[in-house]
Amino acid sequence: MSSEFEHPEIPDHDALPPAKNVRPDANGEATVGLMTETEEREFEQLLSGALDAPPVPRTLLKRLDKEIAAEWGVSPELSIRDQGVAGRAFSRLRRVSAMSVTVAALLVVIGFSVLMETPQCRAWAGLVTRMMSEGVVELRSADSIRWLNLQAGVVGQEEPGLSTLVDVDRRVVTVWQTGVERSLIRQDSLPGSGLSREALLVGFLSGPEDWRQFAAENQDLRAVEEKWSPAAAGKPGQLAVHFAGDDVRAMQLNLTMPDPTALPLACEQVDEQRGVRESALLAYATESKSVLKRLVEQGATEHDEIRTALQDESPLAGTDSSTDSTVAQNDRMPSEGNGLQVAAVPEVDQDIPGTTVASQALVREPPAQWPAVRKLPAAPVSVEVEKLDRLMARLWEANDIQPVRAATDEEMLRRAYLDLAGRIPTVAEVRDYLNDQSPNRYERLVNRLLDSPDHASHLAAVWRSFLIPEGVDLSVFGGVAAFDRWLAEEFEANKPYNEVVSDLLLAEGRLSRSGPLLFYSAVKLNPEELAARTSRVFLGMRLECAQCHDHPFEPWTQKDFWGMAAFFAQISRPKGELEAVSTVMRVSDIDRGEVMIPEFDLVVQPQYLGERTPVAAEGEKSRRQLLVDWLANAENPYFARATVNRVWGHLFGKGIVDPIDDFGTVHKPLSPELLEQLAERFVATQFDLRDLVRTIVLSRPYRLASGADEVDETRQQWFAQMTVKTLTAAQMYDCISVATMLENNVPGSALVLTTNRIGNTERDQFIQEFHTPAGQQTDYHAGIPQALTLMNGGLIDGATGLSRSGLLSSLEAPFFTDQERLEILFLATLSRLPRADEQQIFGEYIRSELSAEEKRENFADLLWALLNSAEFTMNH
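In this report, the structure presented in the accompanying data block is examined. In every chain, residue numbers begin from 1 and rise along the written sequence. Under the rules for a predicted model, residues below a pLDDT of 70 receive no local features and side-chain atom pairs below 80 are neither given nor counted, while totals for whole chains, interfaces and linings still include all residues. Processing note: side-chain calculations cover all non-hydrogen atoms of the structure and skip hydrogens and water entirely.

What follows covers the overall build of the protein. The helix and strand tally for the protein stands at 36 helices and 20 strands. Per-residue accessibility, obtained with a 1.4 Å probe over protein chains only, is compared with the maximum for each type, and a residue is labelled buried under 20%, exposed over 50%, and partly exposed between these values. The burial tally for the protein puts 52% of its 876 residues in the buried class. Each accessible area is a Shrake-Rupley estimate made with a 1.4 Å probe; only the visible protein chains count as cover when residues are assessed. Within the structure as shown, the protein displays about 38600 Å² of accessible surface, and the carbon and sulfur contribution to it stands at 50%. Note on conventions: DSSP H or I runs of at least 4 residues are helices, E runs of at least 2 residues are strands, and numbering of each starts at the N terminus.

A few words now on the pattern of salt bridges. Salt bridges are counted wherever a side-chain nitrogen of Lys or Arg sits within 4 Å of a carboxyl oxygen of Asp or Glu. This model, assessed by the stated rule, comprises 43 salt bridges. Residues Asp589 and Arg624 are paired through a salt bridge, measuring 2.8 Å at the closest nitrogen-oxygen approach. Taken together, the residues span a long stretch of sequence, with Asp589 in the loop between β16 (586–587) and β17 (595–597) and Arg624 in helix α22 (residues 623–631) at a distance of 35 residues.

A separate point is the packing of aromatic side chains. Aromatic pairing here means that ring centres of Phe, Tyr or Trp (its six-membered ring) are within 6.5 Å. Orientation follows from the plane angle: under 30 degrees is stacked, over 60 is edge-to-face, and everything else is tilted. This structure, assessed with the given rule, holds 24 aromatic pairs. Among the aromatic residues, those joined into a ring-pair cluster are Trp463, Phe466, Phe491, Tyr497, Phe639, Phe682 and Phe687. Positioned above the aromatic ring of Phe466 is the side chain of Arg646, whose terminal nitrogen or guanidinium carbon lies 4.3 Å from the ring centre. The rule is short: NZ of Lys or CZ of Arg within 6 Å of the ring centre and within 35 degrees of the ring normal puts a charge over the ring.

Another aspect to go through is the nonpolar core. Of all hydrophobic cores here, the largest spans 121 residues; its most connected members are Tyr442, Trp463, Leu467, Tyr520 and Phe538. Whether two residues touch is decided by their heavy atoms; if any such pair falls within 4.5 Å, the residues are in contact. Apart from residues no more than four positions distant in its own chain, Leu467 is found in contact with Phe483, Leu487, Leu504, Phe519, Arg533, Val537 and Phe538. Grouping buried Ala, Val, Leu, Ile, Met, Phe, Trp, Tyr and Cys residues that are joined through side-chain atoms within 4.5 Å yields what is termed a nonpolar core. With 40 residues, the next largest nonpolar core counts Ala123, Val241, Phe243 and Leu263 among its residues.

Another point: unusual backbone geometry. For the bond running from Asp658 to Pro659, omega is 5 degrees, close enough to zero to count as cis. Non-glycine residue Lys524 carries a positive phi angle of around 60 degrees. With respect to the helices, strands and loops of the structure, Lys524 is situated in the loop between α19 (518–521) and α20 (527–539). Assessed through its relative accessible area of 24%, Lys524 is described here as partly exposed. Even without glycine at this site, Leu525 takes up a positive phi of about 60 degrees. Structurally, Leu525 can be placed in the loop between α19 and α20. For Leu525, a relative accessible area of 0% gives the class buried.

Turning to the pairing of strand β12 (residues 248–256), a few remarks are in order. A large share of β12 lies buried, amounting to seven of its nine residues. Here, any two strands with at least 2 DSSP bridges between them count as paired. Note: strand β11 (residues 238–245) against β12, seven bridges, orientation antiparallel. Its bridge partner being in β12, Ala240 is matched across the sheet by Asn254. Adjacent in sequence and paired antiparallel, β11 and β12 are bridged by two residues.

Let us look at the packing of helix α24 (residues 672–684) against helix α25 (residues 689–697). Axis angles are defined between N-to-C directions and span 0 to 180 degrees, where every axis is a line fitted to C-alpha atoms and, for a helix, only to the segment in contact. Between α24 and α25, the least distance of the axes is 9 Å, while the angle of their chain directions is 145 degrees. α24 and α25 meet at a crossing whose hand is right-handed. Counted together, Leu678, Arg681 and Phe682 of α24 and Leu689, Asp691, Leu692, Thr695 and Ile696 of α25 form the full contact between these two elements. Gly falls in the polar group here, along with every residue not listed as nonpolar (Ala, Val, Leu, Ile, Met, Phe, Trp, Tyr, Cys, Pro) or charged (Asp, Glu, Lys, Arg). Across the contact of α24 with α25, the residue classes tally to five nonpolar, one polar and two charged. Left-handed is the label given to a crossing in which the near helix is rotated counterclockwise from the far helix by less than a right angle, and right-handed is the label when the rotation is clockwise.

All right, on to helix α14 (residues 427–435) then. Looking only at α14, the buried set comprises Glu429, Val430 and Tyr433. Relative to the axis of α14, the buried residues are bounded by an arc of 100 degrees and lie together on one face. On the buried face of α14, the contacting elements are α13 (409–421), α15 (441–450) and α33 (818–830). The directions from the helix axis to the C-beta atoms are what the arc is built from.

Once that is clear, we can look at the environment of Val697. Structurally, Val697 is set in helix α25. The spacing of Val697 and Asp419 is 278 residues in sequence and 9.3 Å in space, taken between C-alpha atoms. Sequence-distant contacts of Val697, defined by excluding residues within four places in its chain, comprise Leu420, Tyr442, Val446, Leu651, Tyr702 and Arg703.

The next thing to look at is helix α29 (residues 761–769). Residues of α29 that are buried include every one of Arg763, Phe766 and Ile767, and no others. Looking down the long axis of α29, one finds its buried residues gathered within 100 degrees of arc, a one-sided arrangement. Along α29, exposed side chains directed more than 90 degrees from the buried face belong to Thr761, Gln765 and Gln768.

Turning to the environment of Glu138, a few remarks are in order. Inspection of the secondary structure puts Glu138 in strand β4 (residues 136–141). As a C-alpha pair, Glu138 and Gly156 span 18 residues in sequence and 9.5 Å in three-dimensional space. Polar contact is defined as a pair of N or O atoms within 3.5 Å, subject to the rule that within protein one atom must be able to donate a hydrogen and the other to accept it, and that residues adjacent in sequence are counted only when both atoms are side-chain atoms. A polar contact is formed between the side chain of Glu138 and the side chain of Arg140, at a distance of 3.2 Å. A distance of 2.9 Å separates the side chain of Glu138 from the side chain of Trp147, its partner in a polar contact.

On to the side chain of Ser196. With respect to the secondary-structure elements, Ser196 resides in the loop between β9 (185–189) and α6 (197–206). Note on Ser196: relative accessible area 19%, which makes it buried. A polar side-chain atom of Ser196 sits 3.1 Å from the main-chain amide nitrogen of Ala199.

Bringing the packing of helix α16 (residues 453–467) against helix α17 (residues 481–492) into the picture now. The relative placement of two packed helices is expressed as an angle between their axes plus a distance between the axes. α17 packs onto α16 with a crossing angle of 125 degrees between their chain directions and a minimal axis gap of 8 Å. With respect to α17, the element α16 is oriented oblique. Classified by chirality, the crossing of α17 by α16 is right-handed. Together, Pro453, Ala456, Ser457, Leu459, Ala460, Trp463, Arg464 and Leu467 of α16 and Phe483, Asp484, Leu487, Ala488, Phe491 and Glu492 of α17 make up the contact between the two elements. Residues of the contact of α16 with α17, tallied by class, amount to ten nonpolar, one polar and three charged. Angles are sorted into four bins: roughly parallel if under 35 degrees, roughly antiparallel if over 145, roughly perpendicular if 65 to 115, and oblique for all others.

So, about the environment of Pro496. Considering the arrangement of structural elements, one finds Pro496 in the loop between α17 and α18 (497–505). Of the residues examined, Pro496 reaches a relative accessible area of 25% and is grouped as partly exposed. Put simply, Pro496 and Gln686 are 190 residues apart on the chain and 6.5 Å apart in space, counted from C-alpha to C-alpha.

These values are about where atoms sit, not about what they do.
Now the structure itself:
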């Protein structure tokens, strides 16, 4: 899973009490047992990363405490509240620092043995995770209404004449009477150490009469067994979960569910000892006006917060349906899937130009509830750019941000070449542009670059870095030349982007002969990997985080992931998991093949992301065709938005949604208005990628300088200052080739690099050494080997040598003065003339008293210095 997790905080080593049995080693460094303090730190940090996992039930932690204390005479206190699991364990291990690596290994064995004692209740564990991300859930039984906000750890319960609010984090239960004097509010502490989230969910589903008694009796409550009964004979599916504990009375919950990965529609509590059977219905989108529901939603459980809420509202109505407009259960729940909470239609903020209900939905609702992008007529580019500039000016003003100065002509020239053509301009191109005094010279430059073959081949390399997963050895599949050439041809023809995507996803033929099929061979034709890559690149969703379990941060379920994977299940391929693919294999659509959720052996039919029901077959259409018809379509709520965000991120170094491929409830757009305006433009132009790029690079934010007198991260966050980006490995090679006229193959002002980019062995080798992860342009990833290669490698050696450098050879012309030669070096590398201070410094190396040979060598050294400068290796 690609989502980033925060590691548990480990206390500072120096802040802890001195360890026992500390002895100096041969070098005088303190050691503990078999490890030095340094080794122990590294070992702890390594294991803390390994222990960084979803929350472990407190009942299990208590059992581990008991087992370890019995074995070693001291407890690691794993069950202490408000500490991360790894942080608690290693905090204790630091104090008991005489333990050796062997002891640590034994602890792991003990923990594993304890874990193996309890059968895995995977469906129940998945349900707890889904409930954590669901928001407020409502449950109606015969005599009460309950609301749950599991993420906040809060439950509200309304009965006739009585309201109860439980907060497990604060360990308080608040009770007040309804319909009488509002000041009668009583708060008591939950007994013991409170309740876990799992126990709170059980209480919500079962509806205890007394929450304090429930907390006292269920300190060690845990799921011990589950049984799934699929739907049959008209009866819905049911998940039966048995709960027990050291001092807990056994109970059972029967949950009515479409499948084990969905949310329950109804719940039945079974208490065999008491003979109690209580049924309740659950709802996930309510319009209840209850004060208690609002308090649960806000996690407001302080005494003053409750008092204020009660004073501001009319008397609570308890379960009186006349004052509660809960959405009917049958109107809410889908026939399959888990469903999502539906937010109210937001108010439109007229203060921000471009604000629409659709744009506000991007920040207020989960992705499954996003509307399609509006279809508007396409305005002239100049009108669209002016509209974008007005929007950005309003956003800067609203956030009290003063943008930096505009970039200079030289800065914009170099930036445009690097972003649009993947290289710097030649000396002739720099002179031509600076000598052009027409008012629209920048607009004409942009149009010329967008129409050039260099733009198509550069865009092909950029898109290939998105499409092909990191770490894949592409040489096994015959390299990337055919794939890059195919992409370059598509982009050079300015084919609508939705058609490019369609051609890619519907590609057929032998893996060795079809360029676009590299997309399939790179992931070994595995449906799950194809689903993950397709969702990331074209929908902006990291859906792979829901492959083995429900997404921990977004409301995507395993069924959502495998529903996407099912579109790629019916492709000709050998059975089983492929370790490698043969280039003689063919890709074609067949009429068989399914995917299953591994834990439940549950076959999943194709299902569009965010939809609730499987996709119905349409005649002879293949599953891939059905996917493409939905994905590369203006009605798709993700495709256009994800694409414009990716293009913006490519040009600015960071997306409007950042990371660029992680849309959802966690990473919201910085400006939904900006994202929506660009998406509307993209749809209006029939997915014209070239027009989208043109609109952005002509806008004011793109034309701002990257430097400022003082550091202000807020400016860069709001695109009021251009971000400095690192050059990709391909850009680095091409820039060195252009700057030095390597092998004299870059004449004058001709745009001819495309023919030298694809299938260039020397270039490919250089790219391998300087590879940079896709989408991380603002981070510098080169290390010492790359730096040494750049300073002393064969490419630089040839580029700064008279035998191969066309630039240095051209400086031999007798009609150049030394000052003109120095200017040519700067124009060739930095696309500008030297400043006065630079002329003075560099002038020392071309003094008139030096011999011609000394000057020749010095010019080569000056060229080497410029090629290794930060200004040359960065896009600013």
